[in-house]
Amino acid sequence: MTGAVPSYFVYGEPDRPLDVGFIHVETVMARKGLHLGAVDAHRHDHLSQITYWTKGRGRYFYEDRAVDFFAPAIGFMPSGVVHGFEVDPASSDAIVVSIADDALMAIRAQTILPLDRPLFLAEPPENPHWAGIDAILRRLESEYHQGRFGMEKVLAALTGVVLTDIARLAHDGPAEAAEAGPLALARRFRALVDRHFRDNWRMERYVETLATTPHLLARACHEAFGLAPKEFVSERRMLEAKRLLLFTVRSVEDIAYELGLKDAAYFSRVFKASENLPPGVWRAARLGSGGQTAKRP
């Protein structure tokens, strides 16, 4: 289904590899010239997004759901989730925080919000959680645009706080119905891969643990991520490899072992096939160019 749905870096820009630790902040109406308030169905294959509607009204849709809302409203969309919206561009706006998958993994331990499922909340404005959410997101926006020393760490910390505030807001609201279908299966697979990609599980074990079939799992992965299940596991391993290469001083051999690959030479071959450089050369090149950045070029 999602094969015909475009995947963007941020809306209107072609998908591209992201710097490790990438976080981007802007308003919806900063791109008003591209969408005029009507953002067609799309997805982001390598980043998740928080969208906080500060004013206006409209309709937000994701997967097979549509929500009519008045501001304040807030959504969290994991990578790969199809979404879009229709609002009046003259009276509506939102702050959008885009977080690369690897940055979100590092933030995971700092929040209570489940990060493998989409969420959109339009609770009454008198709910006391909105004041905290508004303050944190406006601080995120300010930090990003000021670009002061230590900005990357502040952005990550504030993102963890606002994700937890979203979880609190959701906890106070009505419970959502249990999920079913291919997209729910894909999210369960994603969570399982996050826990076990280092254990070199065979695909048969994922299928058995999820109580599904190879065909249904393949279909779910294709719809949600545009990848076969084995390709998804490989991408998850490469993402962790890049994080360890950039943010630790561990040797290539130690990193290979951490990833569940006992043969460092094999790890180097797999990494080079993916990134066109051996892991040690890739690390030196990225660190030599200043490492990760949170701002868009």
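Scroll up to find the structure.
Residue numbering note: each chain is counted from 1, following its sequence as written. Given that the model is predicted, a residue must reach a pLDDT of at least 70 before its local features are reported, and side-chain atom pairs must reach 80 or more before they are shown or counted; all residues, however, enter totals for whole chains, interfaces and linings. Each side-chain value is worked out from all heavy atoms of the structure, with water and hydrogens disregarded.

1. Points about the overall build of the protein chain
No. 1: Where helices and strands are cited, they refer to DSSP runs of H or I of at least four residues and of E of at least two residues respectively, numbered from the N terminus. When helices and strands are tallied, the protein chain shows eleven helices and nine strands.
No. 2: Only C-alpha atoms enter the radius of gyration; for comparison, a globular chain is expected to reach 2.2 Å times N to the power 0.38, where N is the number of residues. Here the protein chain has a C-alpha radius of gyration of 19 Å; the compact-globule value for 297 residues is 19 Å, and the two agree.
No. 3: Dimensions of the protein chain along its principal axes, counting C-alpha atoms only, are 55 × 50 × 35 Å.
No. 4: Relative to its full complement of 297 residues, the protein chain shows a buried share of 50%.
No. 5: Contacts were defined at the residue level, with two residues in contact if any of their heavy atoms lie within 4.5 Å. Considering only residue pairs separated by 6 or more positions, the protein chain has 75% of its internal contacts joining residues 24 or more positions apart.
No. 6: Of the roughly 14,300 Å² of accessible surface on the protein chain, 55% is carried by carbon and sulfur atoms.
No. 7: The convention is simple: Lys and Arg are positive, Asp and Glu are negative, and His and the chain ends are not counted. Charged side chains are reduced to one point each, which is NZ for Lys, CZ for Arg, CG for Asp and CD for Glu. Separation between the mean location of the 36 positive side-chain charges and that of the 38 negative ones in the protein chain comes to 4 Å. Classification of residues uses two cut-offs on accessible area relative to the type maximum, computed with a 1.4 Å probe and protein chains only: under 20% is buried, over 50% is exposed, and between them is partly exposed. For the area figures, the Shrake-Rupley method with a 1.4 Å probe applies, and any residue is considered shielded solely by the protein chains shown.

2. Concerning the nonpolar core
No. 1: Ranked by internal contacts, the top residues of the largest apolar core, which has 35 residues, are Phe189, Tyr206, Leu217, Leu259 and Phe267.
No. 2: Elements with a minimum of two residues in this core: helix H5 (182-196), helix H6 (203-209), helix H7 (214-225), helix H8 (229-247), helix H9 (252-258) and helix H10 (264-275).
No. 3: Tallying contributions element by element places H8 first for this core, with seven residues.
No. 4: Each residue touching Phe189, except ones within four places of it in the same chain, is listed here: Met203, Tyr206, Leu210, Leu217, Cys221, Pro229, Phe232 and Val233. Among buried residues, those of type Ala, Val, Leu, Ile, Met, Phe, Trp, Tyr and Cys that are joined through side-chain atoms within 4.5 Å constitute a nonpolar core.

3. Description of helix H11 (residues 279-288)
One full turn of an α-helix is made of 3.6 residues, so residues set three or four places apart face in the same direction.
No. 1: Every buried residue of H11 is listed here: Pro279, Trp282, Arg283 and Arg286. Burial along H11 is one-sided: seen end-on, the buried residues are contained in an arc of 100°. Across from the buried face of H11, at angles greater than 90 degrees, the exposed residues are Ala284 and Gly288. Directions drawn from the helix axis to the C-beta atoms are what define this arc.

4. Concerning the pattern of salt bridges
No. 1: We define a salt bridge as a contact between a side-chain nitrogen of Lys or Arg and a carboxyl oxygen of Asp or Glu at a distance within 4 Å. One pass over the structure, following the stated rule, counts 20 salt bridges.
No. 2: Its salt-bridge partner being Glu258, residue Arg198 comes within 3.2 Å of it at the nearest N-O pair. With Arg198 in the loop between H5 and H6 and Glu258 in helix H9, this residue pair connects regions lying 60 residues apart in the sequence.
No. 3: Looking at Glu258, the relative accessible area reads 26%, which means it is partly exposed.
No. 4: Between Arg243 and Glu240 there is a salt bridge, and its shortest N-O distance comes to 2.7 Å. In this pair, Arg243 and Glu240 are both assigned in helix H8, three residues apart and thus about one turn of the helix distant.
No. 5: Residue classification places Arg243 among the partly exposed residues on the basis of a relative accessible area of 25%.

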